[in-house]
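Overview (structure and organization)
Now for the letters of each chain:
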Amino acid sequence: MVSATFSLQTFEYFLLILARISACIFAAPFFGMRGVPSRTKIGMAGCIAIMLTGVLPEQNLAYTGIMEYGVIVVREGITGLLIGYSASICNSIVLFAGTLIDMQIGLSMAQEFNPMTQMTESITGSMYNYMTMLVLLATNMYHYVIRAVCDSYQLLPINQQVFQWEYLLEGITSYMSALIMLGFRITLPVFACSMVVNCVLGIMAKVSPQMNMFAVGIQMKVLVGLVIIYLAMSLISGVAGSVSQEMKRLVVYMIKGMYASD
């Protein structure tokens, strides 16, 4: 027979841990997608919180009423939300690159509704997103997200966060510059070939002005673009590596933005 006893203070401590873990899981990639059942998310958050409750040293939380305890819960939820969301927004890199590619090859009007994100995405961007997610899952990137929120208790104990909003804003600004840079690097093969096709079409328009280069150019751009995308599929591992590196950098940036180094 197994008997387990716990005090009310331990249960309140468990709820604070659960607030941070559940907020991170519901906002993180892989776990926060709408295709993942809510029971799975809640069960995973509960299991991780139970294990951390038995491992982390219990703190004496100084609060006098339910209002102060609610403020601590909100702080823990914001902490987990920032950690999970910082990893989740890195997927927009491949979506941005896919939008640029579709603009170059003439498929920008072909949009589709993604039920996972509840957003309208380009065809190439959606394909790149799923391929990158598969590579990240194969390389156990979701382990890093779980490990990051669990290790955050070493730097950010419960109710000891100091939100440095200027530092967090600097992290988002640096991510925006990395988004544009990495997006253009992914688009570069298609962009270079599209520029060559435009030069060839311009020369053909001068040589034989009786040809309808608009009708010919649209078909040629789509054909060349699809061929380049097919050939560039071998580089998807490098794209996933760049996304994972940016994901790790931004998660660390967000954790440092809530840590006060005295």
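Whatever comes next refers back to the structure up there.
The rules behind the values
- Residues numbered from 1 in each chain as written.
- Predicted model: local features only at pLDDT ≥ 70, side-chain atom pairs only at ≥ 80, totals over all residues.
- Heavy atoms only, no water.
- Helix = DSSP H or I, 4+ residues; strand = E, 2+ residues; numbered from the N terminus.
- Rg over C-alpha atoms; globule rule 2.2 N^0.38 Å.
- Buried < 20%, exposed > 50% of the residue type's maximum accessible area, 1.4 Å probe, protein only.
- Phe/Tyr/Trp six-rings, centres within 6.5 Å; stacked < 30°, edge-to-face > 60°.
- Lys NZ or Arg CZ within 6 Å of the ring centre and 35° of its normal.
- Axes fitted to C-alpha atoms, helices over the stretch in contact; angles between N-to-C directions.
- Parallel < 35°, antiparallel > 145°, perpendicular 65-115°, else oblique.
- Contact = heavy atoms within 4.5 Å.
- Nonpolar A, V, L, I, M, F, W, Y, C, P; charged D, E, K, R; others polar.
- Left-handed = near helix turned anticlockwise from the far one by under 90°.

On to the overall build of the chain, then. Across its full length, the chain carries nine helices and two strands. Mapped in sequence order, the helices and strands of the chain form the string α-α-α-α-β-β-α-α-α-α-α. Here the C-alpha atoms of the chain give a radius of gyration of 24 Å, more than 25% beyond the 18 Å that 2.2 N^0.38 yields for 262 residues. For the chain, the spread of C-alpha atoms along the three principal axes comes to 85 × 45 × 30 Å. Burial statistics for the chain: of 262 residues in total, 40% are counted as buried.

Using the criterion set out here, one finds seven aromatic pairs in the structure. Where Tyr167 meets Tyr253, the ring centres are 4.7 Å apart and the plane angle is 25 degrees; that geometry is what we call stacked. With Tyr167 in helix H7 (residues 165-207) and Tyr253 in helix H9 (residues 236-256), this pair connects stretches of sequence that are 86 residues apart. Following the ring pairs from residue to residue traces out a cluster consisting of Phe30, Phe31 and Tyr142. A cation over an aromatic ring shows up here: Arg20 above the ring of Tyr153, its NZ or CZ 4.1 Å from the ring centre. The positively charged end of Lys248 is found above the aromatic ring belonging to Tyr144, 5.5 Å away from the centroid.

Attention shifts here to unusual backbone geometry. Unlike most non-glycine residues, Phe30 shows phi in positive territory, near 70 degrees. In this structure, Phe30 sits in the loop between helix H1 (8-27) and helix H2 (38-55). Of note, the phi angle at Asn140 is positive, near 60 degrees, even though the residue is not glycine. Structurally, Asn140 can be placed in the loop between helix H5 (123-138) and helix H6 (141-155). Among the residues examined, Asn140 registers a relative accessible area of 37% and is labelled partly exposed.

Now for the packing of H7 against H9. Direction vectors running N to C along H7 and H9 enclose 175 degrees, while the axes themselves pass 9 Å from each other. Judged by the inter-axis angle, H7 sits roughly antiparallel to H9. From H7, Tyr167, Leu168, Glu170, Gly171, Ile172, Ser174, Tyr175, Ala178, Leu182 and Ile186 reach across to H9, where they touch Val239, Ser242, Glu246, Arg249, Leu250, Tyr253, Met254 and Lys256. Of the residues that constitute the contact of H7 with H9, the class distribution is 11 nonpolar, three polar and four charged.

The next point concerns the packing of H6 against H9. At a minimum axis separation of 11 Å, H6 and H9 run at an interaxial angle of 15 degrees. Considering the angle they form, H6 stands roughly parallel to H9. Regarding H6 and H9, the two cross each other, and that crossing is right-handed. In this structure, H6 uses Met141, Tyr144, Ala148, Ser152 and Leu155 to contact H9, whose residues at the interface are Ser244, Met247, Lys248, Val251, Val252 and Ile255. Residue composition of the contact of H6 with H9, by class: eight nonpolar, two polar and one charged.

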